[in-house]
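# Chains, contacts and geometry: an overview
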Amino acid sequence: MVSVRQLLAAAVDLPGDSARLESEVLLCHCLGKPRSYLYGWPEAEVEPGQSQRYLELLRARRQGRPLAHLTGEREFWSLSLQVNEHTLIPRPDTETLVQWALELPLPERATVADLGTGSGAIALALATERPGWEVLALDYSAEALQVAGSNAAQLQLHNVTLLRCNWLAGLAGEQFDLLVSNPPYIASGDVHLSEGDLRFEPASALRAGVDGLDALRIIVAQAPAALRAGGWLLLEHGYDQAEAVQTLLRDAGFEAVTSRVDLAGQVRASGGQCRAH
Ligand code: GLN
């Protein structure tokens with residue numbers, strides 16, 4: 001049998017600069033133990049079935065499969081979320097949008113919709129932080145809604161409702177205090193689509209036409225009719241799209257249009273307030 005130490009040493013050739021961390025995450029996943037175990041028991045012998053599974057995951061990782069797909073989970077806003085190939089893998093960049101939403105002066109019982117919820121990351125973070133809010137998590141993908149639904153159940157959240165729809169189409173008459181979205185915003189010809197995790201994520205969650213703004217345009221056009229006067233629309237977008245998104249928002253009549261920077265220093269989200277109808 002091989003030891004914890006030997007198995008971790010077998011991962012030095014993982015791609016990227018987080019080889020050690022990734023090997024620890026994968027080994028913990030196979031052992032069903034916390035990372036402290038690896039440090040406390042480096043000489044512990046690992047069952048053949050578990051070490052074999054770990055070596056298979058290392059192989060898949062070397063071939064580029066996202067770490068989150070190999071473990072089936074990713075942490076977002078300190079919630080452990082299930083993910084699979086049907087959803088975007090939640091990114092820390094998106095916590096900027098959550099933080100912003102929580103800072104808005106909204107009513108205690110606000111109604112909120114997350115457009116293109118994917119794994120449910122934004123909707124579930126908001127529902128956790130604001131138990132009084134009624135959060136609608138929308139997605140066009142039935143498979144994604146299944147993932148979001150199982151995350152909502154796991155977190156025992158009762159203020160989240162899932163609904164299959166194409167952005168806001170079919171929601172006529174509904175009025176929200178806040179709309180949030182991390183829509184697809186990558187230009188269809190962008191070279192990044194053939195690199196890293198993006199190769200394994202659904203195109204429908206990433207690509208948005210030649211300039212990457214197709215989904216953002218639809219959302220900004222549909223949003224005013226679905227917002228109460230004074231309601232907010234917050235959108236994540238690409239690092240170089242803030243100006244274009246701010247223009248879309250102003251042209252659609254939004255006020256107090258501003259942008260926010262993510263943890264990596266990129267201007268990552270823009271939003272505005274719906275004026276009185
Ligand atoms: N932030 C992701 C990336 O550039 C893209 C997410 C999206 O298109 N919504 O890797």
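Throughout what follows, the structure given in this document is the object of discussion. Here the structure is a predicted model, which is why all the values come from computation and not from measurement.

A few words on the sheet that holds strand E5 (residues 111-115). Strand order in the open sheet formed by 7 strands is E7-E6-E5-E8-E9-E11-E10, with mixed pairing between adjacent strands. The open sheet terminates on both sides in strands that have one partner only, identified here as strand E7 (160-164) and strand E10 (254-261). Neighbour-to-neighbour, the strand axes of this sheet turn through a mean angle of 15°, independent of strand direction. Contacting strand E8 (176-181), strand E9 (227-236), E10 and strand E11 (267-274), helix H6 (residues 95-103) crosses the sheet at an angle of about 135° to E10. Its contacts with the sheet place helix H10 (residues 242-251) against E9, E10 and E11, and it is angled at close to 165° to E10.

Bringing the site of the ligand into the picture now. Near the ligand, the surroundings consist of Leu-88, Arg-91, Asn-182, Pro-183, Pro-184, Tyr-185, Ile-186, Leu-198, Ala-205, Leu-206 and Glu-236. A distance of 2.8 Å separates a nitrogen atom of the ligand from a polar side-chain atom of Asn-182. Taking Tyr-185, its side chain carries an N or O atom lying 2.8 Å from a nitrogen atom of the ligand. Contact with the protein chains covers 86% of the free accessible surface of the ligand, which is 300 Å². The residue makeup of the shell around the ligand, split by class, is 8 nonpolar, 1 polar and 2 charged.

Analysis parameters
Residues numbered from 1 in each chain as written. Predicted model: local features only at pLDDT ≥ 70, side-chain atom pairs only at ≥ 80, totals over all residues. Heavy atoms only, no water. Pairing = 2+ DSSP bridges. Helix = DSSP H or I, 4+ residues; strand = E, 2+ residues; numbered from the N terminus. Axes fitted to C-alpha atoms, helices over the stretch in contact; angles between N-to-C directions. Contact = heavy atoms within 4.5 Å. Near = heavy atom within 4 Å. Polar contact = N/O pair within 3.5 Å; in protein donor to acceptor, adjacent residues only side chain to side chain. Areas by Shrake-Rupley, 256 points an atom, 1.4 Å probe, with all protein chains shown as cover. Nonpolar A, V, L, I, M, F, W, Y, C, P; charged D, E, K, R; others polar.

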